[in-house]
Amino acid sequence: LDIAIEFGETLPEWIEIGKVADLSKQQLLETQIDKGESSAIALAMEIPNSTIILDDYKARKIASHLKLTYTGTIGVIIKAKKLGIISSIKPILQKIKETNFRLSTEIELQALIEAGEYVI
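As the structure is a prediction and not an experimental result, all values here were calculated from the model. The numbers attached to residues start from 1 for each chain and follow its sequence in the written order. Residue-level local features of this predicted model are given only where pLDDT is at least 70; pairs of side-chain atoms are given and counted only at 80 or more, and the full residue set underlies all totals for whole chains, interfaces and linings. As a rule here, side-chain values come from all non-hydrogen atoms in the structure, and water together with hydrogens is ignored.

(A) Main features of the overall build of the protein. Labels follow the DSSP assignment, with helices taken as runs of H or I lasting at least four residues and strands as runs of E lasting at least two, numbered in each case from the N terminus. Of regular secondary structure, the protein possesses 7 helices and 2 strands. Along the protein, from the amino end to the carboxyl end, the secondary structure elements read α-α-α-β-α-β-α-α-α. The principal-axis extent of the C-alpha atoms belonging to the protein is close to 50 × 30 × 30 Å. Partly exposed describes any residue whose relative accessible area lies between the buried limit of under 20% and the exposed limit of over 50%, with all areas from a 1.4 Å probe on protein chains only and scaled to the type maximum. Counting every position in the protein, which comprises 120 residues, the buried fraction comes to 30%. Residue contacts are defined here by distance: any two heavy atoms, one from each residue, within 4.5 Å place the two residues in contact. Long-range pairs, those at least 24 residues apart, make up 33% of the contacts in the protein with a sequence separation of at least 6. For the protein, the accessible surface area stands at approximately 8700 Å², while carbon and sulfur atoms represent 56% of it. Reported accessibility uses the Shrake-Rupley method at a 1.4 Å probe radius. Residues are deemed covered only where the shown protein chains occlude them.

(B) Up close: a nonpolar patch on the surface. A contiguous nonpolar patch, built from L109, I113, Y118 and I120 and spanning about 470 Å² of accessible area, is present on the exposed surface. As for its position among the elements, L109 is in helix α7 (residues 105-114). Nonpolar side chains (Val, Leu, Ile, Met, Phe, Trp, Tyr) within 5 Å and like charges within 9 Å form the patches, drawn only from residues with over 30% relative accessible area and no salt bridge. Basic side-chain nitrogens of Lys or Arg form a salt bridge, by our definition, when they fall within 4 Å of a carboxyl oxygen of Asp or Glu.

(C) Inspection of the nonpolar core at higher detail. Throughout this description, the term nonpolar core refers to a set of buried Ala, Val, Leu, Ile, Met, Phe, Trp, Tyr and Cys residues connected via side-chain atoms within 4.5 Å. I41, I52 and L54 are the most contacted members of the largest nonpolar core, which totals 14 residues. For this core, the secondary structure elements donating two or more residues are α3 (35-46) and α4 (57-65). Here the element with the most residues in this core is α3; it accounts for 5 residues. Those residues in contact with L54, other than ones at most four positions away along the chain, are E37, I41, A59, R60, A63, Y70, T71 and G72. Within the second largest apolar cluster, 10 residues are counted, among which are I78, L93, I96 and L112.

(D) Local environment of unusual backbone geometry. Of note, the phi angle at N49 is positive, near 60°, even though the residue is not glycine. Residue placement: N49 occurs in the loop between α3 and β1 (51-53). With a relative accessible area of 81%, N49 lands in the exposed category.

(E) Up close: the packing of helix α5 (residues 73-82) against α7. Two elements in contact, α5 and α7, have axes separated by 10 Å at closest approach and are oriented at 20°. Overall, the two elements α5 and α7 adopt an arrangement that is roughly parallel. As α5 packs across α7, the resulting crossing turns out to be right-handed. Across the interface between the two elements, I74, I78 and K82 from α5 touch I107, A111 and E114 from α7. Its residues assigned to classes, the contact of α5 with α7 comprises 4 nonpolar, no polar and 2 charged. Axis definition: a line fit to C-alpha positions, over the contact stretch in the case of helices; interaxial angles, taken between N-to-C directions, run 0 to 180 degrees. Oblique is the label for any angle not covered by the other classes, which are roughly parallel (under 35 degrees), roughly antiparallel (over 145) and roughly perpendicular (65 to 115). Should the near helix be turned counterclockwise from the far one by less than a right angle, the crossing is left-handed, whereas a clockwise turn marks it as right-handed. Only Asp, Glu, Lys and Arg are considered charged in this grouping, and only Ala, Val, Leu, Ile, Met, Phe, Trp, Tyr, Cys and Pro are considered nonpolar; every other residue, Gly among them, is considered polar.

(F) Spatial organisation of the pattern of salt bridges. Evaluated as defined, the whole model comprises 2 salt bridges. Of the charged contacts, one joins E108 and K97 as a salt bridge, the two residues approaching to 3.1 Å between their closest N and O atoms. Linking E108 in helix α7 with K97 in helix α6 (residues 90-97), this pair joins segments that are 11 residues apart in sequence.

Shape descriptors only; they carry no functional weight alone.
Okay, structure coming up:
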């Protein structure tokens, strides 16, 4: 639920919100990272073979230490392109750059290369 609140808008119908069963794990994580990432990691710990979407470096480090599989927002966009769900990542990257999401030139270039959209 914390992730839905953090999102700040009505979530699309296809998104399911899961609840963490063991809140003690989430509370422990909250001493190190914010509530949204804490609840996501705690829930991923309870769901076998899950992949969690994390962009925060500290949250990724914790997920890695816990042996959780994770990706980032850009990774999801690249996968959507590779699966044919979207035709190009360029317009999405442009929209992302217009928000407060930090996207370095290096990450953007790497994403374009992985998506097969980098043109010399």
